[in-house]
Structures are given as C-alpha cells and as structure tokens.
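The residues making up each chain are set out below.
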There are 2 protein chains.
Amino acid sequence: MQCKRNFSAKREAIYKILSSTDSHPTAEWIYENLKTQIPDLSLGTVYRNLSVFKETGLVKSVGVINGHERFDANTFQHSHFVCNCCFKIIDIPKSKTFVDQSTINNLENECDVHIQNHNITFYGLCGDCSKKISVESEDI
Amino acid sequence: MQCKRNFSAKREAIYKILSSTDSHPTAEWIYENLKTQIPDLSLGTVYRNLSVFKETGLVKSVGVINGHERFDANTFQHSHFVCNCCFKIIDIPKSKTFVDQSTINNLENECDVHIQNHNITFYGLCGDCSKKISVESEDI
DNA sequence: TCCAAAATGATAACTGTTCTTAATTATTAA
DNA sequence: TTAATAATTAAGAACAGTTATCATTTTGGA
C-alpha cells in the first residue's frame, strides 16, 4: 500500500464493506455489493485491493472454498465452520482455543519448522442445509 | 467409480504413486511422474481419477495451496504444516489430537451445525527455508 | 497550480480444472 | 466366440477465477 495517509475512496469502501459483514465474502460478492453505490468500480480493483490488504495484514484469507477465495476482515485468531452444501462460513466463538503456545513450541522442535500461524476449519452441514436435506429425504 | 472389481491400470497407477509419497502432490506432479512409465497418460485422466478417489473417500484433499490443489492418500485424521515459502506440506505426527469429540459435540449445539470433519493446518517456514532466509539476510 | 506517484477501468492474458467427444478397452450375456 | 453394453480414456476445447497490462485519472505534497 503506497498510499501514505488515507485510503482512496474505493479502497476504503472495499475495506468497509468487508469489515461490516461476517459472511466471509468473495471478491465477486464485494464487487456486486459495491457496484450499486460505486457504479464505475472495476472487479480488478477489488482483487488488487484485497491483495494489498492481505500483504499488510489488514485482511486474512479464509482459504479457497469451492473454487472461490473467501476473505475476512476479522484478523483475530479464530476458527471457522464451512457448510459442505451451501458453502456458508460461520465463525467459531473466539473463546475456543484449540492449540496453545506450548503445543506449538513442541511441534516446532519435533518437526523442525517455524510456525507463524495456524487455523482450524470444521466442515459439515449448517442448520439450514441439515433441515433441507431431511425434508428432501421425506419426499422420497 | 463404476468399475466393479478392479481398478483400471491407469487408475491403479495414479492411486499407487499417490499412496507411495508423503509429499501431498498436485495433479500435475502425479501426471509428470507417471508420464515416464505411462507415456500415453493424459492429465485429464489424473484429474478425473482424483475426483473419483475423493468421492469414494479413498483420497483426501489437503486444500488449495498457492493455487494448486494438494492430495493425500493418507485418510487418517491428521494435521499438516505448510511452508509459506516453498509450499512443502509436512504431516504432523498423528498422535496429536487437538479437538476431541466432546468439544465437537458442544460446538454443534452452540453453532447449530452438524460437523462431519475438521482439519488443522499450521503455516510457517520449514527448516530448509528458515536456513535459506537467514543466509540471505547475512549477505546484505 | 504543477508534478510525480499511486490508483484505477477496461480488458486481455493466464492458469488450474472441468467438460466434450470420439475412440478404446473391459465386462456381461447369450 | 461374439455381440451388446458399460466404463475408461486421450486430446484438446471450454471454463472460471484471478492476475497482468496499459492508458488514463486521481491523489497528495511542493
């Protein structure tokens, strides 16, 4: 990010919409949702700024889910649940810590690696999809 | 997999090379490494069979690392370390269990989800890359 | 106001993966 | 064995998400 003081208007809008949602959106979603307010926004700008945010640590990638990279402006260490059906991503309450520092230290020695961060992702069916699937199976 | 009895020769070769390495390779790597033995192998066949293996649970995806999906024939629940520099993937000794069943049950209730599986990935620098980077900084 | 650096829109290019199609191979049934 | 059927394949086109290019515009400081 070479912009020294402030974000450009578009950069700010991209960060703002990302940090105001907990849906862990894709670049495309951000683009579509800003397009109404900023008609001359380009998808390339969204991608470009997301890269900038990732580099500076302002935004984290949740990973590539079903072919789309998902982003999160909440950079606190926390875990995610991913629905295998609708690909919704839900935050796991941040109180949950699964791996403590001493475990990480042990792992570093044992595996000869330097660990910078880690993430835990749970996969399964969200409440909505569970219901839908049980209704479908009644229909048969 | 509609083939009822045995794997076809190529399908078998793909599974064999994947289960004989712990490098968590890409489809491309499998293709390149089989090409010498099976000159008429096609990359599409590798992708197709990896999909078949994933569907039947014979093979798991480690996820998309640096734009390439990585595969693992070791389907036991285990964790991975990913090097942020060379993208090597190392298995974490399987004795390590970070999330127990009662924790999962609690999470399911708390978040209204049905958890099917989970994975833990550590990111950082592998031993080799750590050394390389410290040598580079000496040079400056 | 002027200038250099940064950011942008439009779109082409790239890349990993999936799909299509015609051909080949394996399996089944008679 | 032979014919019918099903599964698998190679080759390459198609696809989709993302990145790169480049001319233009915007920005912030002198």
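Throughout what follows, the structure given in this document is the object of discussion. (Residues numbered from 1 in each chain as written. Chains lettered and ligands numbered in written order. Predicted model: local features only at pLDDT ≥ 70, side-chain atom pairs only at ≥ 80, totals over all residues. Heavy atoms only, no water.)

### Focus on the interface of chain B and chain A
In this complex, chain B contributes 31 residues to the contact, which on the side of chain A involves 31 residues. Summed over both partners, the interface of chain B with chain A comes to about 2,600 Å²; 63% of that surface belongs to carbon and sulfur atoms. Summed over the shared surface of chain B and chain A, the result is 0 salt bridges. Across the contact surface, chain B and chain A share 12 residue pairs in polar contact (both at pLDDT 80 or more). For the side of chain B that touches chain A, the secondary structure elements donating two or more residues are α4 (101-111), β5 (113-126) and α5 (127-139) of chain B. By residue number, the principal contributor to the side of chain B that touches chain A is β5(B), which donates 14 residues. When grouped by side-chain class, the residues that make up the side of chain B that touches chain A number 17 nonpolar, 11 polar and 3 charged. Here strand β5 (residues 113-126) of chain A pairs with β5(B) via 13 bridges, running antiparallel. When the bridges of β5(B) are listed, A:Cys126 appears paired with B:Val113. (Contact = heavy atoms within 4.5 Å. Buried area = accessible area lost by both parts, 1.4 Å probe. Salt bridge = Lys/Arg side-chain N within 4 Å of Asp/Glu carboxyl O. Polar contact = N/O pair within 3.5 Å; in protein donor to acceptor, adjacent residues only side chain to side chain. Helix = DSSP H or I, 4+ residues; strand = E, 2+ residues; numbered from the N terminus. Nonpolar A, V, L, I, M, F, W, Y, C, P; charged D, E, K, R; others polar. Pairing = 2+ DSSP bridges.)

### Description of unusual backbone geometry
For A:His24, which is not a glycine, the phi torsion comes out positive at approximately 50°. Mapped onto the secondary structure, A:His24 falls in the loop between α1 (9-19) and α2 (27-35).

### What about the environment of A:His114?
In this fold, A:His114 is placed in strand β5. With a relative accessible area of 39%, A:His114 lands in the partly exposed category. On a C-alpha basis, the gap between A:His114 and A:Ile104 in space is 9.2 Å, while along the polypeptide they are 10 residues apart. Non-local contacts of A:His114, meaning those with residues more than four positions away in its chain, are made with A:Glu108, B:Phe81, B:Tyr123, B:Gly124, B:Leu125 and B:Ser130. A polar side-chain atom of A:His114 sits 3.4 Å from a polar atom in the side chain of A:Glu108. (Buried < 20%, exposed > 50% of the residue type's maximum accessible area, 1.4 Å probe, protein only.)

### Concerning the protein's contact with DNA strand C
Near DNA strand C, the surroundings consist of 16 residues, among which A:Lys10, A:Arg11, A:Asp40, A:Thr45 and B:Tyr47 are the closest. Sugar plus phosphate, as a fraction of atoms of DNA strand C within 4 Å of the protein: 84%. A:Asp40 places a polar main-chain atom, nitrogen or oxygen, 2.4 Å from a phosphate oxygen of DNA strand C. Here a base nitrogen of DNA strand C and a side-chain polar atom of A:Arg48 are 3.4 Å apart. (Near = heavy atom within 4 Å.)

### Overview of the nonpolar core
Ranked by size, the top nonpolar core spans 30 residues in total, and within it A:Phe81, A:Phe122, B:Phe81 and B:Phe122 carry the most contacts. For this core, the secondary-structure elements that each account for two or more residues are β3 (80-83), α4 (101-111) and β5 of chain A together with β3 (80-83), α4 and β5 of chain B. If we ignore the near neighbours within four places in the chain, the residues touching A:Phe81 are A:Lys88, A:Ile89, A:Ile90, A:Ile92, A:Phe122, A:Tyr123, A:Gly124, A:Leu125, A:Cys126, B:Val113, B:His114 and B:Ile115. (Core = buried A, V, L, I, M, F, W, Y, C linked by side-chain atoms within 4.5 Å.)

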